[in-house]
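Residues per chain, in single letters:
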6 protein chains.
Amino acid sequence: MAQPQRLAGYTGYQHFAITSPAAFVAHVEINRPDKLNAFFEAMWLELRRVFQQLSSDADVRAVVLSGAGDRAFTAGLDVKAASEGGVLSAEGADGARRAAKLRRYIAEFQDCISAVEKCEKPVICVMHGISIGLAIDVSTCADIRVCSKDAVFAVKEVDIGLAADIGTLARLPKVVGSSSWVKDVCLTARNFDAAEALSVGFVSQVHESKAAALAAAFKTATFIASKSPVAVQGTKELLNHSRDHTVDDSLRYTGVWNAAALQTSDVPAALLSGMQKRKPTFEKL
Amino acid sequence: MAQPQRLAGYTGYQHFAITSPAAFVAHVEINRPDKLNAFFEAMWLELRRVFQQLSSDADVRAVVLSGAGDRAFTAGLDVKAASEGGVLSAEGADGARRAAKLRRYIAEFQDCISAVEKCEKPVICVMHGISIGLAIDVSTCADIRVCSKDAVFAVKEVDIGLAADIGTLARLPKVVGSSSWVKDVCLTARNFDAAEALSVGFVSQVHESKAAALAAAFKTATFIASKSPVAVQGTKELLNHSRDHTVDDSLRYTGVWNAAALQTSDVPAALLSGMQKRKPTFEKL
Amino acid sequence: MAQPQRLAGYTGYQHFAITSPAAFVAHVEINRPDKLNAFFEAMWLELRRVFQQLSSDADVRAVVLSGAGDRAFTAGLDVKAASEGGVLSAEGADGARRAAKLRRYIAEFQDCISAVEKCEKPVICVMHGISIGLAIDVSTCADIRVCSKDAVFAVKEVDIGLAADIGTLARLPKVVGSSSWVKDVCLTARNFDAAEALSVGFVSQVHESKAAALAAAFKTATFIASKSPVAVQGTKELLNHSRDHTVDDSLRYTGVWNAAALQTSDVPAALLSGMQKRKPTFEKL
Amino acid sequence: MAQPQRLAGYTGYQHFAITSPAAFVAHVEINRPDKLNAFFEAMWLELRRVFQQLSSDADVRAVVLSGAGDRAFTAGLDVKAASEGGVLSAEGADGARRAAKLRRYIAEFQDCISAVEKCEKPVICVMHGISIGLAIDVSTCADIRVCSKDAVFAVKEVDIGLAADIGTLARLPKVVGSSSWVKDVCLTARNFDAAEALSVGFVSQVHESKAAALAAAFKTATFIASKSPVAVQGTKELLNHSRDHTVDDSLRYTGVWNAAALQTSDVPAALLSGMQKRKPTFEKL
Amino acid sequence: MAQPQRLAGYTGYQHFAITSPAAFVAHVEINRPDKLNAFFEAMWLELRRVFQQLSSDADVRAVVLSGAGDRAFTAGLDVKAASEGGVLSAEGADGARRAAKLRRYIAEFQDCISAVEKCEKPVICVMHGISIGLAIDVSTCADIRVCSKDAVFAVKEVDIGLAADIGTLARLPKVVGSSSWVKDVCLTARNFDAAEALSVGFVSQVHESKAAALAAAFKTATFIASKSPVAVQGTKELLNHSRDHTVDDSLRYTGVWNAAALQTSDVPAALLSGMQKRKPTFEKL
Amino acid sequence: MAQPQRLAGYTGYQHFAITSPAAFVAHVEINRPDKLNAFFEAMWLELRRVFQQLSSDADVRAVVLSGAGDRAFTAGLDVKAASEGGVLSAEGADGARRAAKLRRYIAEFQDCISAVEKCEKPVICVMHGISIGLAIDVSTCADIRVCSKDAVFAVKEVDIGLAADIGTLARLPKVVGSSSWVKDVCLTARNFDAAEALSVGFVSQVHESKAAALAAAFKTATFIASKSPVAVQGTKELLNHSRDHTVDDSLRYTGVWNAAALQTSDVPAALLSGMQKRKPTFEKL
């Protein structure tokens, strides 16, 4: 793979490297490899800004998220930093006041991670090596998860005395089908590997190496980016809506959504290029 | 298999062939094989009428839905007809008025397809060959999905510039367990085959040929039709309710439902025939 | 395995044997092996009392539930007893009054079985041999399901003329991912074996024998019981909440929950023992 | 008031008189005054057809619903007819089969009455004289309720041995603010008069006579019909959505709705005519 | 009023006096007048038992709840007792463990008070004099609220440093219509009198004295008790369901409920006695 | 009233004047009186920042929101500015792309106004003079609404060709009790005055003049600010939660909330000062 291009307009980020491996595709790398890409507060605040910018950037139609270095997608929360800062310790005059601080802190932290889910563009998460704790929270916000064979996963929070509160327990049961398996890995904090992740549907592809996984993700992202952005982004929005609503509610919302979305030139463009066996070009969105 | 009997009372349908392969079993065939069973507006309006009739027909206790011909369950929307008619083009004085037309059009279209789900009798969908686009919308309304080895599936809508709006995006996430896989196939519009469909749980059986799949479906339908219709139709209703409600809500609804349903002679009939090792007969419902 | 100890404070139960195979672990055995552990009314009333006691017992941090004897986890409802008692027959002056009796009866029965789910401690259900009817209702209330190779499962209710109303139809669609499979087994009442149960995710482990399955369950239970009970019980609660709520609602609830839960000495205890490579001790909860 | 014009295209209705008292305004009269406008099955089936036609008729922008004659808006269900027909008596082989018939019958009946709510155009219900039983079900489907001083209301169903099942118990708690009052009138079946109806907010205006109430309703309807139909029909839809959803859900739905609705020429037309102090003209919708 | 009769079967209660002022009517008096009927733990545990018994007692069709003595319906929580016991103080090794105790304590307390709402029979709450704090929690569980002129109400909890957690904040917004008023009284803990309570719909009647209010409540209860219990109890259940569900969900639930309830002899009994102008007699329920 | 003090730390705001009329009370004035306090985009972006700052400012315990000048609380959207900017006109290559822009624009606008509701401190809105359009959206986010006699209200949006989309249609039905009145004012865009606003419960107090209304609001705000902030802010949160959830859900959430909140020194402080008849002092929150 050639040296990827820096993506225009994404300067001033310190903890994430943002490049463009193909037209309309952004690649976001968690960029703290010497610390196994472990997160501290400034990082998740920056993560939110990155994905908010991607969400409304008309030059981006698909996003790949991965971790820099050979050893880890991310080892999760930097526990040392967290012990010193807010998330694992709150001061306050009494239990209620400590709780208020913690509640605000957690809400802000959750909001940062949820930015990956709220990004209007599809996000493909590529996981390799150590992928524990916050790695699961972040990846369950992505649309598609793939990994390399060496990936080791764990919902690790129980091992440091807490229930995962940044999204894993809210989203994982809706990401994979077997509730028995979800409870097993969440209650025991045990490791599971790529093969197990594939068999339960947590990831949808396993590749030989991080490089192979990244290449596959870029290929899928490029493929998605070649499609009508009206169709793709509508599909993401409607699938996310569906997760949290009844079928009747989703059908009603879908009808209202498509009443505007069908007023697009992408449909005739796609139909025409389909007949002419050539690649359509779509306006920016 | 002998020539199936026409089902009494199902005349006047043009696009669907309705026969009875066994007592209390109806077989509905999409009957436009020369056009790969592609749908145009008159067809989905008729589909609704067919399933509304089946729903309240006391002589039917299970339904098999399949496509005529060797090549396709259905190739989905007849895009040529749709471009000329309403679904992909709406006229109106301005964007809001075009939206109102589209919204009504989509709501009517959704309602026709949902008739398969609302049918009070279990519906087994048998898919073979080309099974794309609307094929997925229709089949996710069925209770059980089986297919032949040659089936090729795709959530195809993104490829014509639109988000699927007739049910796939509302129902597919509740039909299979892996959200990563659902997003993959919905965002890429890529093909997937029978083996993949089985492994993610989209279908629950794969057979060597369409004939074998149909035979298996008839066998299951006949088996279901031999059971108490009070029990079977209650089970379908309660499972559909459960999908869209909390466990507490479902338990409450179930209690109210069975307070009437248990006042049936089917329970003593089933118990007695169980003890006597003979097949029970149940009153019509 | 040595003779297990009776668990202190659990006397006066007739239909369940309650022992302690390891510190902080309780083992509940359905104890009517000569009748295939089939349930009658006094048993489910007792089941509720057992699990209510376990729920608030600070000496218990994980529970294993299994069936005594070689032949069955449980053959479900004792149909003979039920025909004579309330659940399958209600007297009353008219249909409405019979319905009122049945509704109250079902609500009470549901509430007894739901006690397994409401127990604040993780419950691992070990199934072997005949595991049909009520076996499914009970086991879907557990957090983790494992079984031995000889297990035979069936959602059997349709075969006695009724829709399952004690929890299976409300919970099973949320326990496994494939709706096609759920409808198949619920509508046909057919048997399925351990391998099929594993492949759809109904159980998460299959073992060679009941003894091996029990040993594995004890090991997992002991492992869970070694973790912070604040973390483990919070994880169970938050996963159960997530099943029935939107992601946004779950995130909000999680934040409020952890605002108190993080004010625990378990976090520093876990972190310190992690650094010191020794096993932490946690206060009772 | 001059003789109202028959509304074009509304022929073939037997139980309702449909006229047009002003441009874009339809007046639907329940037309069985010699029987106090009491309903039998053919009437509610026709009511649905009437309101479905009004819903998509671009020449109608507001609807007034009232009862013919001096004595009653409607005395509700024609109990004599009902006793002979389906709603109060169902035949069937056992209690479960009778329940299935009743359930279908009630669902169909509910669907007919709900057509008033689903009508895309605002409906103003004018009530006078006897307005009991089904009168409440129907009127709670309307958007605005006004009455004359002589109106006598009652949620009468308890007095004939049943709980109201065609909509009153589902909608009345969402139509008025005081739950104590709602339970009072629903549990006692007592009469309440126009003044009480106004004070609790069940109606929003009381007039001296039926004629005065009708005149006021026509004035309001004409006023509404002079506004942008995109704005008015959107407002009705969004208020109905709001009743059954959280604020967050409604805000999301509203944003999607208006993303299309704002692409209307009605906004510039309304703004321009506002500046020019003249009455705008809006395209049909 | 003559000396009321003790209600058969209600012995062994210490804190509540249970009598029968009329056939099928129960009167429950909070019976600690020397302490302004203030509640301590044993009282709410007993309150639950009382209402559970009433709920399934076929000889009771309506319930009146009031406070003994001249001065107070209830002054709410006995703060002195509460400070010494559990609700306002929890011991535990750390904040998380104290929270767990408090959570269980609150859940149990809530469950006791909710027994008034869950009682299948209509409950009329008669309030007089001091009616603050827990008085509001309890009364919002009743179906109908009436009071005497001297009643003084307050959502008092804020004044002792806590948010009301036994039901007021969950139910009051659904009991009265004006959210501005609800927030006013809940945030300020200010008193409001009978006239204000009536004008916002918190109570539906105000009477000159406690005796007059009780007499009116007995009259209404007796009137309700003369109606079909199938109709009355169904109406209560469906109104309670409606509060927490969408209209569509309520219509569906209603249809299933009435499918059994209409199979009652009360409908023909009510119709016949209506024609014959005599009082019907209904079977016990 | 003496010259109010500027509130420390609230510099750099251009469109809002923020002062402190009493300890722990903030007063936010919409400060564009020469344009009737009409809003343009920079103003609602600033409104969000103001309320986000107030939300987490431990020196603020209650907020009063009003409009500067004699003539208007706010005349709503500055239509002239809006026509030139985004909200009433969106450019884009086709209808779908225009819709995407509008959707993002509306979502951002909604989020700014919702900041008033999300502010953790109680907000009292004082309305006078012209209070139309956006005035209703903003005020329905406040907790308590009061007004002066000269206030004139209107849900004005229909008159400019659009359905209100910034919150009125989502919140107003949950703010007042009479759905007939809500639909009346929303569908007709007619004016209503202070007396009508009071009678339907939209406001909870009417005062002779703006000055009197402000004085009353300051008094209430000061009163609230003298209470335990743990109790007051918990009460606001739980009432907001209740609006959008079932009673069961709210009770569960309340229990978890108070499990931390009761670990406050405010309860003993409030109890002690109550006994000693002196004013308690509470720690900052």
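Please read all numbers here as calculations on a predicted model, not as lab measurements.

S.K.: What exactly am I supposed to notice about the overall build of chain A here?
M.R.: A tally of helices and strands in chain A yields eleven helices and eleven strands. Taking 19 Å as the expected radius of gyration for a compact globule of 285 residues, we find that chain A reaches 20 Å, a close match to that expectation. By the burial criterion, 63% of the 285 residues in chain A qualify as buried. Taking the contacts inside chain A whose residues are at least 6 apart along the sequence as the reference set, 69% of them involve residues at least 24 apart.

S.K.: In this structure, what is going on with the interface of chain B and chain C? I would like to understand it.
M.R.: When the parts come together, some accessible area is lost, and that loss is often what is quoted as the size of the interface. Listed as interface residues are 47 residues of chain B and, on the opposing side, 38 residues of chain C. When residues of the side of chain B that touches chain C are traced back to their parent elements, those giving at least two are strand E8 (144-148), helix H5 (168-175), helix H8 (210-225), helix H9 (229-243), helix H10 (247-261) and helix H11 (266-276) of chain B. Residue composition of the side of chain B that touches chain C, grouped by class: 24 nonpolar, 16 polar and seven charged.

S.K.: Would you take a moment to explain the environment of C:Gln205 for this structure?
M.R.: Residue and element names in this part refer to chain C. Note on placement: glutamine 205 falls in strand E11 (residues 205-207). When the C-alpha positions of glutamine 205 and alanine 195 are compared, they lie 9.5 Å apart, and in sequence the two are ten residues distant. With near-sequence residues (within four places) excluded, glutamine 205 lies in contact with Val146 and Ala216.

S.K.: I tried to follow the pairing of strand E3 (residues 25-30) of chain C on my own but got confused; where do I start?
M.R.: Consecutive side chains along a regular strand alternate between the two faces of the sheet. Residues and elements named next belong to chain C. When you tally the buried positions in E3, you get six out of six residues, the bulk of the element. Residues Val25, His27 and Glu29 of E3 are buried on one face, and the alternating residues Ala26, Val28 and Ile30, pointing to the opposite face, are buried as well. As paired strands, strand E2 (residues 16-22) and E3 are joined by five bridges and run antiparallel to one another. Looking across to E3, one finds that phenylalanine 16 is bridged to isoleucine 30. What sits between the antiparallel neighbours E2 and E3 is a turn of two residues, in which phenylalanine 24 has the positive phi angle 70°. Bridge count between E3 and strand E4 (residues 62-67): six bridges; the pairing is parallel. Opposite alanine 26, over in E4, you have valine 63 as the bridge partner. For the crossover from E3 across helix H1 (residues 41-55) to E4, the handedness is right-handed.

S.K.: What exactly am I supposed to notice about the relation of the copies chain C and chain A here?
M.R.: Think of it as a corkscrew move, a rotation about one axis and a shift along it, taking one chain copy to the other. For these two chains of identical sequence, chain C goes onto chain A by a turn of 120° and a shift of 0.0 Å along the axis, with RMSD 0.0 Å. Each copy turns onto its partner about a three-fold axis. Measuring from the rotation axis to each C-alpha of chain C, the shortest distance belongs to C:Gly177, at 2.1 Å. In this assembly the copies use different faces: only 6% of the residues contributing to the interface of chain C also contribute to that of chain A.

S.K.: Please clarify how the interface of chain C and chain A should be interpreted in this entry.
M.R.: Listed as interface residues are 47 residues of chain C and, on the opposing side, 38 residues of chain A. Among the secondary structure elements, those contributing two or more residues to the side of chain C that touches chain A are strand E8 (144-148), helix H5 (168-175), helix H8 (210-225), helix H9 (229-243), helix H10 (247-261) and helix H11 (266-275) of chain C. In terms of residue class, the side of chain C that touches chain A is made up of 24 nonpolar, 16 polar and seven charged.

S.K.: Would you mind showing me how to read the sheet that holds strand E10 (residues 192-193) of chain A here?
M.R.: Strands in a sheet are paired, the pairing made by backbone hydrogen bonds, and the direction either parallel or antiparallel. All names here are of chain A. Taken together, the four strands give an open sheet; going across it, the order is E5-E7-E9-E10, and neighbouring strands pair in mixed fashion. This sheet does not close on itself; its edge strands, each paired only once, are strand E5 (72-74) and E10. With two bridges connecting them, E5 and strand E7 (residues 130-132) associate as parallel partners. Each bridged residue has a counterpart across the sheet, and for threonine 74 the counterpart in E7 is serine 131. Contacts from helix H4 (residues 134-141) reach E5, E7 and strand E9 (152-154) within the one sheet, and its direction differs from that of E5 by about 75°.

S.K.: It is not clear to me how the domain arrangement of chain A should be interpreted in this structure. Could you clarify?
M.R.: Residue and element names in this part refer to chain A. Structurally, chain A comprises domain 1 (5-226) and domain 2 (229-276). Look at where the C-alpha atoms of domain 1 and domain 2 centre, and you get two points 27 Å apart. With eight residues of domain 1 at the contact, the number on the domain 2 side is six residues. Of the residues in the side of domain 1 that touches domain 2, the class split is two nonpolar, no polar and six charged.

S.K.: Sorry, what's going on with the sheet that holds strand E3 (residues 25-30) of chain B here?
M.R.: All names here are of chain B. Strand order in the open sheet formed by seven strands is E1-E2-E3-E4-E6-E8-E11, with mixed pairing between adjacent strands. Of all strands in the sheet, those with a lone pairing partner are strand E1 (5-6) and strand E11 (205-207), marking the two edges. Taken together, the three bridges between strand E4 (residues 62-67) and strand E6 (residues 123-127) define a ladder with parallel strand orientation. Across the sheet, residue valine 64 finds its bridge partner in E6, namely isoleucine 124.

S.K.: Just to check I follow, could you spell out the environment of D:Leu36 for this structure?
M.R.: Residue and element names in this part refer to chain D. Following the sequence through the fold, leucine 36 ends up in the loop between strand E3 (25-30) and helix H1 (41-55). Spatially, the C-alpha atom of leucine 36 lies 24 Å from that of tyrosine 105, the residues being 69 residues apart in sequence. Once you skip the residues sitting within four places of it in the chain, leucine 36 turns out to touch Arg71, Ala72, Thr74, Ala75 and Ile130.

S.K.: Where do I start with helix H3 (residues 95-118) of chain C in this structure?
M.R.: Owing to its 3.6 residues per turn, the α-helix brings residues three or four apart onto one side. In this model, H3(C) (24 residues) spans 33 Å end to end at C-alpha, consistent with the 34 Å of a helix rising 1.5 Å per residue. Maximum bend of H3(C): about 30°, positioned at C:Cys112.

S.K.: What am I meant to see in unusual backbone geometry here?
M.R.: All names here are of chain A. Within the chain, asparagine 37 stands out as a residue other than glycine whose phi angle is a positive 55°. Here asparagine 37 is to be found in the loop between strand E3 (25-30) and helix H1 (41-55). Residue classification places asparagine 37 among the buried residues on the basis of 28 C-beta atoms within 10 Å.

S.K.: Hey, could you run me through helix H8 (residues 210-225) of chain D in this one?
M.R.: Residues and elements named next belong to chain D. With 16 residues, H8 extends 22 Å from end C-alpha to end C-alpha; this agrees with the ideal 22 Å at 1.5 Å per step. Among all positions of H8, only Lys210, Ala213, Leu214, Ala217, Phe218, Thr220, Ala221, Ile224 and Ala225 are buried. Viewed end-on, H8 has its buried residues packed into an arc of 165°, placing them on one side of the element.

S.K.: Got a minute to help me understand the packing of H4(A) against helix H5 (residues 168-175) of chain A in this structure?
M.R.: Two quantities define a packed helix pair, namely the angle between the axes and the distance from one axis to the other. All names here are of chain A. Look at H4 against H5: their axes get within 9 Å of each other, and the N-to-C directions meet at 55°. The orientation of H4 with respect to H5, classified from their angle, is oblique. In this structure, the crossing between H4 and H5 has a hand that is left-handed. Contacts between H4 and H5 pair Ile136, Asp137 and Thr140 from the former with Thr168, Arg171, Leu172 and Val175 from the latter. Of the residues belonging to the contact of H4 with H5, the class tally is three nonpolar, two polar and two charged.

S.K.: Whenever I open this one, the confidence of the model for chain A confuses me. Can you help?
M.R.: Per-residue confidence for chain A gives a mean pLDDT of 94, with 97% of residues at or over 70. Across the whole predicted complex the pTM is 0.96, and at the interface the ipTM reaches 0.95.

S.K.: What is the right way to read the pairing of E4(B) from this model?
M.R.: Buried residues dominate E4(B), accounting for six of its six residues. Every second residue of E4(B) is oriented toward a common face, with B:Ala62, B:Val64 and B:Ser66 on one face and B:Val63, B:Leu65 and B:Gly67 on the other, all of them buried.

Analysis parameters
Residues numbered from 1 in each chain as written. Chains lettered and ligands numbered in written order. Predicted model: local features only at pLDDT ≥ 70, side-chain atom pairs only at ≥ 80, totals over all residues. Helix = DSSP H or I, 4+ residues; strand = E, 2+ residues; numbered from the N terminus. Rg over C-alpha atoms; globule rule 2.2 N^0.38 Å. Buried ≥ 20, exposed ≤ 12 C-beta atoms within 10 Å, placed from the backbone. Contact = placed C-beta atoms within 7 Å. Nonpolar A, V, L, I, M, F, W, Y, C, P; charged D, E, K, R; others polar. Pairing = 2+ DSSP bridges. Right-handed = clockwise from strand over helix to strand, strands pointing away. Least-squares fit on C-alpha atoms with pLDDT ≥ 70 in both. Axes fitted to C-alpha atoms, helices over the stretch in contact; angles between N-to-C directions. Domains from an automatic or database assignment. Expected span 1.5 Å × (residues − 1). Bend = angle between axes of the 7 residues up to and from the residue. Arc of directions from axis to C-beta. Parallel < 35°, antiparallel > 145°, perpendicular 65-115°, else oblique. Left-handed = near helix turned anticlockwise from the far one by under 90°. pLDDT = per-residue confidence, 0-100.

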